[in-house]
Amino acid sequence: MTESECCPRCNVATVVNGLVGTPGAVIAFIPDHARPFRSVMGVALKYGACLSCGHVWTHLDPSELRRFIKTQTKEPGRQPLDEIDRGPYRDLPSTELSQEIGLKVAEIDALVRSGSIGKAVRRYRELRGVTWDQAIKDAGNWAELKRPAKLALFGWVPKKKESFDDLL
């Protein structure tokens, strides 16, 4: 936020910036799946306030948030960032089969991230044609799986076995 910025509510350039908290403490954003104790600080929130209408809003540095997610969150926290940055076909060749598998993995990822575990289990079972027990086991552990393991569940086998093992 800059001093010349306009208020998002009244569109007047009477903005002041600051922090909210007690002296010596800053309120921060801590993304889901942050590693406990090592990342208590989170990403500092910056605040803007309008002198005209009194509206207050928050902002954080997106590059700082990305850095924090990459270094201070567990696997489930990093996976959405990778998908946003590189898409559902990342690390896959441009074949019909690989793209189909990439979409299936992305669909289950989205359901699990939204907290719809029951829907994820049901859809995983439909997509893979496995038993309920197998679907519950695989989808229940989905968030902790790394991408190569998820792709393998849908039948993707990379040509270089070493690179696949390195990513597990």
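Above this note sits the structure.
J.: Got a minute to help me understand the packing of helix H2 (residues 75-86) against helix H3 (residues 96-113) in this structure?
T.: Remark: H2 packs on H3, axes separated minimally by 12 Å, with the N-to-C direction vectors making an angle of 135°. The orientation of H2 relative to H3 falls into the category oblique. As H2 packs across H3, the resulting crossing turns out to be left-handed. Contact residues: H2 offers Gln79, Pro80 and Glu83, while H3 offers Ala106, Asp109 and Arg113. Looking at the contact of H2 with H3 residue by residue, the class counts come to 2 nonpolar, 1 polar and 3 charged.

J.: How should I be thinking about the nonpolar core in this particular structure?
T.: Among soluble globular proteins, nonpolar side chains are generally buried collectively. Grouped together as the largest cluster of nonpolar side chains are 19 residues, with contacts concentrated most on Ile101, Val105, Ile108, Tyr124, Trp142, Leu151 and Phe154. Among the elements of the structure, H3, helix H4 (117-128), helix H5 (132-140) and helix H6 (147-153) are those that each provide at least two residues to this core. Counting residues per element, this core draws most heavily on H3, at 5 residues. Residues Ala34, Leu60, Phe68 and Ile69 belong to the second largest nonpolar core, which totals 9 residues.

J.: For this particular structure, what's the right way to read helix H1 (residues 62-72)?
T.: Within an α-helix, residues lying three or four positions from one another point in the same direction, as the helix has 3.6 residues per turn. Taken as a whole, H1 has its buried residues at Leu65, Phe68, Ile69 and Gln72. Each buried residue of H1 lies within a common arc of 105° when the element is viewed along its axis, so the set occupies one face. In the core, the buried residues of H1 are packed alongside strand E2 (28-29), strand E3 (43-44) and H2.

J.: Help me understand the pattern of salt bridges, please; the structure alone is not making it clear to me.
T.: Under the counting rule described, the total for this entry stands at 12 salt bridges. Residue Asp91 is joined to Arg147 by a salt bridge in which the shortest nitrogen-to-oxygen separation is 3.1 Å. Placement of the pair is Asp91 in the loop between H2 and H3 and Arg147 in helix H6, with a sequence separation of 56 residues. Its relative accessible area of 46% is what places Asp91 among the partly exposed residues. With relative accessibility at 9%, the residue Arg147 sits in the buried group. Its salt-bridge partner being Arg128, residue Asp138 comes within 3.4 Å of it at the nearest N-O pair. A residue pair is termed long-range when its members are at least 10 positions apart, and Asp138 in helix H5 and Arg128 in helix H4 qualify at 10 residues. On the basis of relative accessible area, Arg128 is assigned to the partly exposed category, the value being 31%.

J.: What is the right way to read the environment of Glu126 from this model?
T.: Relative to the assigned elements, Glu126 resides in helix H4. Exposure remark for Glu126: the relative accessible area of 52% places this residue in the exposed category. A distance of 3.0 Å separates the side chain of Glu126 from the side chain of Arg123, its partner in a polar contact.

Thresholds, definitions, all that
- Residues numbered from 1 in each chain as written.
- Predicted model: local features only at pLDDT ≥ 70, side-chain atom pairs only at ≥ 80, totals over all residues.
- Heavy atoms only, no water.
- Axes fitted to C-alpha atoms, helices over the stretch in contact; angles between N-to-C directions.
- Helix = DSSP H or I, 4+ residues; strand = E, 2+ residues; numbered from the N terminus.
- Parallel < 35°, antiparallel > 145°, perpendicular 65-115°, else oblique.
- Left-handed = near helix turned anticlockwise from the far one by under 90°.
- Contact = heavy atoms within 4.5 Å.
- Nonpolar A, V, L, I, M, F, W, Y, C, P; charged D, E, K, R; others polar.
- Core = buried A, V, L, I, M, F, W, Y, C linked by side-chain atoms within 4.5 Å.
- Buried < 20%, exposed > 50% of the residue type's maximum accessible area, 1.4 Å probe, protein only.
- Arc of directions from axis to C-beta.
- Salt bridge = Lys/Arg side-chain N within 4 Å of Asp/Glu carboxyl O.
- Polar contact = N/O pair within 3.5 Å; in protein donor to acceptor, adjacent residues only side chain to side chain.

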